[in-house]
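# A structural walkthrough
Here is what each chain is made of, one letter per residue.
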Amino acid sequence: MSIKRLIEEFGVGVTTIHDLKKQKAQLLKFYAESDEQKLMNNRKTLHKSKIVDLDRVLKEWIRQRRSEHVPLTGWLQKFKKRHGITFLKICGDKASADQEAAEKFIGEFAKITADENITPEQVYNADETSLFWRYCPRKTLTTADDSAPTGIKDSKERITVLGCANAAGTHKSKLVVIGKSLRPRCLKGVNFIPVHYYANRKAWVTREIFSDWFHKHFVPEARAHCREAGLDDDCKILLLLDNCSAHPSAELLIKNNVYVIYFPPNVTSLIQPCDQGILRSLKSKYKNSFLNNMLAAVNRGMGVQGFQKAFSFKDSIYAVANAWNKVTKETVMHAWHNLWPATMFSSEDDEADDFEGFHISSEQAMVSDLLAYARNIPSESINNLEEADIAEVFDIDNDAPVIHSLTDGEIAEMVLNEGGLENSDDEDDVVIVNTAEKISIDDMVKMCDGLIEGLEQRAFITEQEVMSVYKIKDRLLRQKPLLMKQMTLVKHLKKPSSRIPPHLYRTHFLVLQLLLMVLLYVKT
């Protein structure tokens, strides 16, 4: 609009318009950071608190406590107006779902996607959940002779899992697992694991971990997927997040035209896709696999506690990654239906409800199959399992926390030190990298031969699955001659040739080593 038209419409002077234009970025940032943007309508100034640090700490304190659904009384009126903060009613121990706010967000989100021509390929949602990775039914840990179980009992060893997928259901980002050990013993010597692994003493998600995942992993993975989907190299990508206090502010999560949008408070149970069946599907598939392995071990005579002790952290990592791979495109797509109906159906119908019913029946089928398997096993602690015992395993970690509840002092320290709280843990933010080699190529080739022989005898194994092992064996065999040449060359070079002057021997040796490394790289 022209300045003249603005003067006529709003009755202000030229200087006021120029001042507002100069403050455009500041105004938009102030508006975006407000907790309740409709309260900004009556704002006349952008005056800040005289004690800026206190203002920052207090705002973060309120954010933390509201994320924990702690009721806050209506005090500090000027502070509330300054930051657009409102206090919602709390029902019982949890905040009531805000249907009105959810509907408003759905409308705003639809406008954003329509105005910017954003496709379901470009929109992601991420969320965290706790997983008790080797929890067994309590009944199986108690025998007829023992009133209390021994050994590993009632195991609630926890990891935090972060899942992320796009609205099209065509891309699930590599899973994130947060454990308690910086360098788990079971991963010593392992060069590859099928997840992004982080650690801290409590297996919590922290702002530092989330930020590292966003910048180092999510952005490159999402950008690569959009390129493969035929979109522009610099197309906008959106990541939707809930108001978990471990998620950094939206201003810190911007990179390569990738942006974050936060849901309003108390709407995630209504419209956040990960809460609409995606993470539930992941966990139910993991637990179904875990319990099947437990029953198989008992059937072999191992016993539940023996299996529990033998099931390692490494096993859980591969099992949860496999469960994530099994979450179907249809499951992901339908989880977006409440938030983005246009991605699914053009009109209101009952298909979403039917799909929810399908999910319930699918999980029920898992329980039924597990019970049928258990009843064919002689062990008394197993064949007496009931549906409630299996359901307990599926639901045991539903409400387990994924973040640390900060004390008032910790909140202040975190804000004033710009995230120093997360850095206080020596075991935050790690990636397992260890290049030690334990198993020789000859041994690995023999293992492949044995595996191929066994797979060929199983009718349920496909030809493609057998061929994948053949390909691994072939790569090992092609690598072996190169390694043998390297060993032979090094062996000969250990004895200086009389044709090479002693003062030039070291130079020749280093040059030959460099050439050999180039050869190995090219061959690989």
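Basis of the calculations
- Residues numbered from 1 in each chain as written.
- Predicted model: local features only at pLDDT ≥ 70, side-chain atom pairs only at ≥ 80, totals over all residues.
- Heavy atoms only, no water.
- Buried < 20%, exposed > 50% of the residue type's maximum accessible area, 1.4 Å probe, protein only.
- Core = buried A, V, L, I, M, F, W, Y, C linked by side-chain atoms within 4.5 Å.
- Helix = DSSP H or I, 4+ residues; strand = E, 2+ residues; numbered from the N terminus.
- Contact = heavy atoms within 4.5 Å.
- 1 Å grid on protein atoms, 1.4 Å probe; cavity = no way out; pocket = protein on both sides within 12 Å on 5 of 7 lines; lining within 4 Å.
- Points joined across faces, edges and corners; volume = space filled by probe spheres on them.
- Nonpolar A, V, L, I, M, F, W, Y, C, P; charged D, E, K, R; others polar.
- Phe/Tyr/Trp six-rings, centres within 6.5 Å; stacked < 30°, edge-to-face > 60°.
- Lys NZ or Arg CZ within 6 Å of the ring centre and 35° of its normal.

### Points about unusual backbone geometry
- Notably, A203 is not glycine yet its phi reads approximately 60°, a positive angle.
- Since its relative accessible area comes to 0%, A203 is described here as buried.

### A short note on the nonpolar core
- Counting 68 residues, the largest nonpolar core has L282 and Y286 as the members making the most contacts within it.
- Here the element with the most residues in this core is helix α9 (residues 278-299); it accounts for ten residues.
- Discounting chain neighbours no more than four positions away, the residues touching L282 are V161, L175, V320, A323, W324 and V327.

### Considerations on the side chain of N288
- Following the sequence through the fold, N288 ends up in helix α9.
- In this view, N288 contacts M366, L370 and F394; residues no more than four positions away in its chain are not counted.

### Some details on empty space enclosed by the protein
- Counting across every chain of the model gives one cavity of 30 Å³ or more.
- Estimated volume of the largest cavity: approximately 30 Å³.
- Along the walls of the largest cavity sit F132, W133, R134, Y135, Y286, K287, F290 and V393, which together make up its complete lining.
- With three residues, α9 is the single largest residue contributor to the lining of the largest cavity.
- Looking at the lining of the largest cavity residue by residue, the classes come out as six nonpolar, no polar and two charged.

### Things to note about the packing of aromatic side chains
- By the definition in use, this model includes 14 aromatic pairs.
- With a centroid separation of 5.2 Å and an interplanar angle of 85°, the aromatic rings of Y124 and F218 are classed as edge-to-face. Here Y124 is found in strand β3 (residues 123-132), whereas its partner F218 is found in helix α7 (residues 207-228), with 94 residues between them in sequence.
- You can call F218 buried: its relative accessible area is 0%.
- When the ring centre of W204 is taken as reference, the NZ or CZ atom of R158 above it lies at 4.6 Å.
- Of note, K236 hangs over the ring of Y259, and the distance from its end group to the ring centre comes to 5.1 Å.

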